[in-house]
Amino acid sequence: HIHDTTTNDGSVVNMAGARYVRFLNCTIHGFRDQQAGTSSAYAVNSRENRDVLIENCDISEVYFVLPMWGWDMTLRGSKVHGAHEDAVRIINAINILVEDCEIYDVGEGDDLHNDGIQWFSSDSGAAEQKVPCDNVVIRRVNIHDIEDQDMLGNFAPFGRHTNFVFENLLLE
């Protein structure tokens, strides 16, 4: 159980640049003060990672819950909730699997776009990371109680996002 701690970048867990990471049966909670409009930056900062498995976890109460920014990343059988802005962000990512998850309680009633799952490309980071999203599978996911879009894809300055599969989604 990891709760209400912050790293130098404001995340609960900072594993940026890590290889072969496993979070199994974990609870990761940041803090979110709706009155003050403050929160931890990320539950898990996973920028520029490779070979990551997050399975059977409960992740919540931060600004952005989980950025999946890297290669060969899986989010399986987990609950992702309590985001101020976006729950799952798939950024410059290749070989991503999100399955058997519940994503809910996203947004604060503000002017931001608040999404369950969002994918896009960013021009920050290492040169080899500047790629559109490719080979992304999202299946058997229940997305509900999202302030704006359940899913949103946009911004691909390095080419088109390709090879997306959406299967058996429940969008409420």
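Residues numbered from 1 in each chain as written. Predicted model: local features only at pLDDT ≥ 70, side-chain atom pairs only at ≥ 80, totals over all residues. Heavy atoms only, no water.

### Digging into the overall build of the chain
Thinking step 1. For the chain, the count of helices and strands is zero helices and 19 strands.
Thinking step 2. Going through the 172 residues of the chain one by one, you find that 49% of them count as buried.
Thinking step 3. Once local pairs closer than 6 in sequence are excluded, the contacts in the chain between residues at least 24 apart make up 64%.
Thinking step 4. Summed over its atoms, the accessible surface of the chain is roughly 7600 Å², and 46% of this surface lies on carbon and sulfur atoms. (Helix = DSSP H or I, 4+ residues; strand = E, 2+ residues; numbered from the N terminus. Buried < 20%, exposed > 50% of the residue type's maximum accessible area, 1.4 Å probe, protein only. Contact = heavy atoms within 4.5 Å. Areas by Shrake-Rupley, 256 points an atom, 1.4 Å probe, with all protein chains shown as cover.)

### Brief notes about the confidence of the model for the chain
Thinking step 1. Here the chain averages 82 in pLDDT, while 82% of its residues score no lower than 70.
Thinking step 2. Mean pLDDT values for the elements of the chain range from 50 in strand β6 (residues 38-39) up to 96 in strand β12 (residues 94-99). (pLDDT = per-residue confidence, 0-100.)

### Examining the side chain of Ser 121
Thinking step 1. Counting through the fold element by element, Ser 121 comes out in the loop between β14 (117-120) and β15 (134-139).
Thinking step 2. Within the structure, Ser 121 has its side chain in polar contact with the backbone oxygen of Val 131 (distance 3.1 Å). (Polar contact = N/O pair within 3.5 Å; in protein donor to acceptor, adjacent residues only side chain to side chain.)

### So, the nonpolar core
Thinking step 1. The biggest cluster of nonpolar side chains holds 38 residues, and the ones touching the most others in it are Phe 23, Ile 28, Met 68, Leu 75, Val 88, Ile 90 and Ile 103.
Thinking step 2. A per-element tally of this core places strand β9 (residues 66-76) first, with four residues.
Thinking step 3. Filtering out sequence-adjacent residues up to four positions away, Ile 90 remains in contact with Met 68, Ile 96, Ile 117, Gln 118, Trp 119, Phe 120, Cys 133, Val 136 and Ile 138. (Core = buried A, V, L, I, M, F, W, Y, C linked by side-chain atoms within 4.5 Å.)

### Notes on the packing of aromatic side chains
Thinking step 1. The full count for this structure, using the stated rule, is three aromatic pairs.
Thinking step 2. Aromatic rings pair up to connect Trp 119, Phe 164 and Phe 166 into one cluster.
Thinking step 3. Residue placement shows Arg 22 over the ring face of Tyr 20; its charged tip is 3.9 Å from the ring centre.
Thinking step 4. In this structure, Arg 50 is placed above the aromatic ring of Trp 71, and the distance from its NZ or CZ to the ring centre is 3.7 Å. (Phe/Tyr/Trp six-rings, centres within 6.5 Å; stacked < 30°, edge-to-face > 60°. Lys NZ or Arg CZ within 6 Å of the ring centre and 35° of its normal.)

### With respect to the pattern of salt bridges
Thinking step 1. This structure, assessed with the given rule, holds nine salt bridges.
Thinking step 2. In this structure, Arg 140 and Asp 100 form a salt bridge, with 2.6 Å as the shortest nitrogen-oxygen distance. Note that Arg 140 is positioned in the loop between β15 and β16 (142-146) and Asp 100 in the loop between β12 and β13 (102-106), a separation of 40 residues in sequence.
Thinking step 3. What makes Asp 100 partly exposed here is its relative accessible area of 35%.
Thinking step 4. Residues participating in the shared-partner salt-bridge network are Glu 55, Arg 76, Glu 99, Asp 100, Arg 139, Arg 140 and Glu 167. (Salt bridge = Lys/Arg side-chain N within 4 Å of Asp/Glu carboxyl O.)

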